[in-house]
Amino acid sequence: MNHVACATVEVRIDGKQAHAARPHLGINPIEAASQYIASVGLIKIDPNKSWSVKPTQIHSEVGATNSIPSFVKIAYDLRAQDNAALEAPKIFLI
């Protein structure tokens, strides 16, 4: 088996809780998380090395389905051919 550099990174995005009928009174961290996930997908590292950055989990508050949550947590799995390549995407995730 060939071992490669890997890491797990957790990102927390805080928003402002509000009722879904009044979204203008809150800040929706789910919308921010979707933009963040899309932005991370645009990160490009040396194409001559094997690497990947992918979201593997997304969590928010448990509760009513008609409210904007106060936070979202996203877990990322980072893999790379070597430690140098693994360090590059961390700059953008943290």
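Residues numbered from 1 in each chain as written. Predicted model: local features only at pLDDT ≥ 70, side-chain atom pairs only at ≥ 80, totals over all residues. Heavy atoms only, no water.

> Please set out the sheet that holds strand β5 (residues 71-80) residue by residue, giving values where relevant.
Pairing is antiparallel across the open sheet formed by three strands, whose spatial order is β1-β5-β3. In this open sheet, the two strands that pair with only one neighbour each are β1 (5-14) and β3 (51-60). This sheet shows a mean twist of 20° between the axes of neighbouring strands, independent of strand direction. One ladder, built from ten bridges, connects β1 with β5; its direction is antiparallel. Bridge pairing in β5 links Ala-7 to Leu-78. Against the sheet, helix α1 (residues 29-40) touches β1, β3 and β5, its axis set at about 15° to β5. (Pairing = 2+ DSSP bridges. Helix = DSSP H or I, 4+ residues; strand = E, 2+ residues; numbered from the N terminus. Axes fitted to C-alpha atoms, helices over the stretch in contact; angles between N-to-C directions. Contact = heavy atoms within 4.5 Å.)

> Explain the environment of Ala-21 to me, and be specific about the residues and the numbers.
Within the secondary structure layout, Ala-21 lies in the loop between β2 (18-19) and α1. For the pair Ala-21 and Ser-67, spaced 46 residues apart in the sequence, the C-alpha separation amounts to 8.0 Å.

> How would you sum up the packing of aromatic side chains? Please name residues and give values.
Taken as a whole, this structure holds one aromatic pair when the rule is applied. A cation over an aromatic ring shows up here: Arg-12 above the ring of Phe-71, its NZ or CZ 4.3 Å from the ring centre. (Phe/Tyr/Trp six-rings, centres within 6.5 Å; stacked < 30°, edge-to-face > 60°. Lys NZ or Arg CZ within 6 Å of the ring centre and 35° of its normal.)

> Outline the environment of Ile-30, listing residues and values.
The residue Ile-30 is located in helix α1 in this model. The spatial distance from the C-alpha of Ile-30 to the C-alpha of His-59 is 9.4 Å, given a sequence separation of 29 residues. Not counting the four nearest positions on each side in its chain, Ile-30 is found in contact with Pro-69 and Val-72.

> Residue-level account of the pattern of salt bridges, with values.
Taken as a whole, this structure holds three salt bridges when the rule is applied. Across the salt bridge formed by Lys-54 and Asp-77, the nearest N and O atoms sit 2.8 Å from each other. On the criterion of sequence distance, the pair formed by Lys-54 in strand β3 and Asp-77 in strand β5 is long-range, its members being 23 residues apart. For Lys-54, a relative accessible area of 30% puts it in the partly exposed group. The residue Arg-79 makes a salt bridge to Asp-77 at a minimum N-O spacing of 2.8 Å. (Salt bridge = Lys/Arg side-chain N within 4 Å of Asp/Glu carboxyl O. Buried < 20%, exposed > 50% of the residue type's maximum accessible area, 1.4 Å probe, protein only.)

Shape is all these values report; function is a separate question.
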